[in-house]
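Secondary and tertiary structure notes
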Amino acid sequence: MLLTLVDSAAFRSGESLSQALAFLAFAPQSGWRHYLKTQYADQTFRGLYHWNAFDAAMLIPYFAVMIVLALYGIHRYTMCYQYFKYRRNYDPSPPRHFDELPRVTVQLPIFNEQFVIDRLIDAVCSIEYPREKLEIQVLDDSTDETQQVAAAIVGRYAALGHPIVYIHRTNRHGFKAGALDAGLKVAKGALVAIFDADFVPPSDWLMNVIHHFAEPEIGMVQTRWTHLNRDYSMLTQIEAILLDGHFVLEHGARARCGEFFNFNGTAGMWRREAIVDGGGWQHDTLTEDTDLSYRSQMAGWKFKYLPEIECPSELPIEMTAFKTQQARWAKGLIQTSIKVLPMVFRSSTSRRNKIESVYHLTANMSYPLMVIMSALLMPAMICRFYQGWFQMLLIDVPLFTASSLSIAVFYLMSQRELYPRTWKKTFYYLPFLMALGIGLTVTNTKAVMEALFGVKSAFVRTPKYRVAQKGEKSQAAKYRKRLKLAPWIELLLGFYFLLAILYTFSNHNYFTAPFLILFVVGYWYTGLMSLLQGRFERWRSGGASAEESSPKPFPVGV
């Protein structure tokens, strides 16, 4: 009887265990641990997938592009390292002073900028320097009312005794480079300072810079740009951060290491001999400033960068104006690389300087590479999904860290250097900064391809709107331009990446979605802002004339 009871209990216990196991096997499971196990640790189908020709055709170019982008990203890390490593090489004080101040010519190249020319001339005429040793040239290539506005302002200051002259050209040959060269032919100064129309140099700028030229080997001194309308909008905040990265870390690292760096076209001063020895102003590229900088440094002249000396400027407040500026710089730097890099390789400069020159002048090649990566991202993601997550993370994480994370580190460090108390708010702008960089790929890729295929185009000035405070209305609506095809391509690319996000969610690949969201935001932001920015202003004002709206595409770079 006792044995029967024991056997019965054992049977019931075994039956309960079997039922529990069956329930656990077939019961629906949920939770984060179960998700991670099923998605990333399940080895059931391991070894069943094999590469084929299609996968190779997609993944080989995809990884080739990612590796090149990673190399540019590693270079950003290197610049951050060099900036701090060679910090002691920088001395903001001039080692000697002039016993007698030299004669200086200030050149102001302008083109159709009637709303900012008075601000520029007022600031330059207020510069502290002996009048008998100063000459101011207003180099005007304008074709609109700017001619009358500028000539009247120059006449007024000349009547007050300021050493200022007005030089107007009717053919615009050579664009900005041609204007600077024409002014240089009649200039009287041994040193030449240059300011674009959207800059407002402080009254002590010239005296802070001049004595650095007491060293006879110094050919050019560049000062740091600051921004009058930094807080105008999200766009201007991001633009300011982008330029801060260039002026703090790029210029800072190159200057401290003794490597070639470039004059930025404005807010700098040249020794006239350095311009002549470098071959003078030439207009076969859209970045005549960088072109001359490299030729002058190869001729043996030394450059100095003074980040402590600031020169306020105006940032573009509209997406189309910003795109035009970026496209001109992208095309011009590639043109300069094609022209100058062979000279650099043949020169006696160090191997390190030659390598840095390649990184500097070819950096905009990343834009067509981004387009290729964008096209291959979806098929590559599908191919890689079936290879296993460990393999994906093993390869993708290092490449992402090198190429994309380096951007965040680069700009965070520049803001920390400039604003040690408030730099942490840069984290808020970082996603938008990276998205904006992605959104520029369409217009900048077109500009780069034009440079590679030798397509010549005019030097298009960035429209100046003369706004500083948030909500302030632009005075220069007549200079606003419209884009036709590029914004629609950007919107289509945004939809493409939206589909990619939906695909990742269907495969429970949630870790990839934040990266893809940057592409959607970037392309839609640049596309929609290009189409809509400025229209709201006209709607509020009840419409505008055809002259004011200027519904034409930019003729270059976009």
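Scope of this entry: the structure provided in the associated data block.

Conventions and cut-offs
- Residues numbered from 1 in each chain as written.
- Predicted model: local features only at pLDDT ≥ 70, side-chain atom pairs only at ≥ 80, totals over all residues.
- Heavy atoms only, no water.
- Helix = DSSP H or I, 4+ residues; strand = E, 2+ residues; numbered from the N terminus.
- Contact = heavy atoms within 4.5 Å.
- Areas by Shrake-Rupley, 256 points an atom, 1.4 Å probe, with all protein chains shown as cover.
- Salt bridge = Lys/Arg side-chain N within 4 Å of Asp/Glu carboxyl O.
- Buried < 20%, exposed > 50% of the residue type's maximum accessible area, 1.4 Å probe, protein only.
- Patch = residues over 30% accessible without salt bridge, like charges linked within 9 Å, V, L, I, M, F, W, Y side chains within 5 Å.
- Core = buried A, V, L, I, M, F, W, Y, C linked by side-chain atoms within 4.5 Å.
- Phe/Tyr/Trp six-rings, centres within 6.5 Å; stacked < 30°, edge-to-face > 60°.
- Lys NZ or Arg CZ within 6 Å of the ring centre and 35° of its normal.
- 1 Å grid on protein atoms, 1.4 Å probe; cavity = no way out; pocket = protein on both sides within 12 Å on 5 of 7 lines; lining within 4 Å.
- Points joined across faces, edges and corners; volume = space filled by probe spheres on them.
- Nonpolar A, V, L, I, M, F, W, Y, C, P; charged D, E, K, R; others polar.
- Pairing = 2+ DSSP bridges.
- Axes fitted to C-alpha atoms, helices over the stretch in contact; angles between N-to-C directions.
- Expected span 1.5 Å × (residues − 1).
- Parallel < 35°, antiparallel > 145°, perpendicular 65-115°, else oblique.
- Left-handed = near helix turned anticlockwise from the far one by under 90°.

**Points about the overall build of the chain**
When its secondary structure is counted, the chain shows 20 helices and seven strands. A separation threshold of at least 6 residues defines the contact pool for the chain, and within that pool the share at least 24 residues apart is 85%. Approximately 26,000 Å² of the chain is accessible, and the part contributed by carbon and sulfur atoms is 63%.

**Notes on the pattern of salt bridges**
When the charged atoms of two side chains with opposite charge come close together, those side chains can pair. By the definition in use, this model includes 18 salt bridges. We note a salt bridge from Arg169 to Asp141, for which the minimum N-O separation is 2.7 Å. A residue pair is termed long-range when its members are at least 10 positions apart, and Arg169 in the loop between β3 (164-168) and α6 (175-186) and Asp141 in the loop between β2 (134-140) and α5 (146-159) qualify at 28 residues. As far as the burial class goes, Arg169 and Asp141 line up, both buried. In this structure, the salt-bridge partner of Glu259 is Arg352, at a minimum N-O distance of 3.0 Å. Placement of Glu259 in the loop between α8 (234-257) and β6 (268-271) and of Arg352 in helix α12 (residues 351-362) is noted, with a sequence separation of 93 residues between them.

**Overview of a nonpolar patch on the surface**
Residues Ile338, Met449, Leu452, Phe453 and Val455 make up a contiguous nonpolar surface patch of roughly 460 Å² in combined accessible area. Mapping Ile338 onto the fold places it in helix α11 (residues 319-346).

**Observations regarding the nonpolar core**
By size, the foremost hydrophobic cluster in this structure holds 62 residues, and its most contacted members are Ile121, Met269, Trp270 and Trp281. Met66, Met79, Val248 and Ala500 belong to the second largest nonpolar core, which has 51 residues in total.

**Regarding the packing of aromatic side chains**
Tallying each qualifying case throughout the model produces 24 aromatic pairs. Between Tyr83 and Phe84 the ring centres are 5.1 Å apart and the planes differ by 90°, which places this aromatic pair in the edge-to-face class. When the ring of Phe519 is compared with that of Tyr523, the centres are 6.5 Å apart and the planes differ by 45°; the resulting orientation is tilted. Residue Phe519 and its partner Tyr523 are located together in helix α18 (residues 513-532), separated by four residues, close to a single helical turn. Between the NZ or CZ atom of Arg172 and the centre of the ring of Phe111, over which it lies, the distance is 3.6 Å. Positioned over the ring face of Tyr83 is Arg256, at 4.0 Å from the centre of the ring.

**Side note on empty space enclosed by the protein**
Tallied over the full model, the rule gives one cavity of 30 Å³ or more. Computed from the structure, the largest cavity encloses a volume of approximately 60 Å³. Pro109, Ile110, Phe111, Leu139, Asp141, Arg172, Phe175, Lys176, Ala179 and Arg461 together form the lining of the largest cavity. Those elements giving two or more residues to the lining of the largest cavity turn out to be β1 (104-110) and α6. The leading source of residues in the lining of the largest cavity is α6, at three residues. In terms of residue class, the lining of the largest cavity is built from six nonpolar, no polar and four charged.

**Points about the sheet that holds β6**
Pairing within the open sheet is mixed, and its seven strands lie in the order β3-β2-β1-β4-β6-β5-β7. In the strand order of this sheet, the two ends are held by β3 and β7 (302-313), each with one partner. Across the sheet, the mean angle from the axis of one strand to that of its neighbour is 20°, orientation sign disregarded. As judged from the nine bridges shared by strand β5 (residues 218-227) and β7, these two strands associate in the parallel manner. Opposite Thr226, over in β7, you have Pro312 as the bridge partner. Contacting β5 and β7, α8 runs over the sheet at an angle of about 155° to β5.

**Details of α12**
Given 3.6 residues to a turn, an α-helix orients residues that are three or four positions apart in the same direction. Taking 1.5 Å per residue, 12 residues should reach 16 Å; α12 reaches 17 Å between its end C-alpha atoms and fits that length. Of the positions making up α12, those classed as buried are Asn353, Lys354, Glu356, Ser357, His360, Leu361 and Thr362. If you follow the buried residues of α12, they end up packed against α3 (53-85), α8, α10 (288-298) and α11.

**Here we look at the packing of α8 against α11**
Two elements in contact, α8 and α11, have axes whose closest approach is 11 Å; the angle formed by their N-to-C orientations is 20°. One element, α8, and the other, α11, form an angle in the roughly parallel class. Read as a crossing pair, α8 and α11 show a hand that is left-handed. Contact residues: Leu235, Glu239, Leu242 and Leu243 in α8; Met319, Phe322 and Trp329 in α11.

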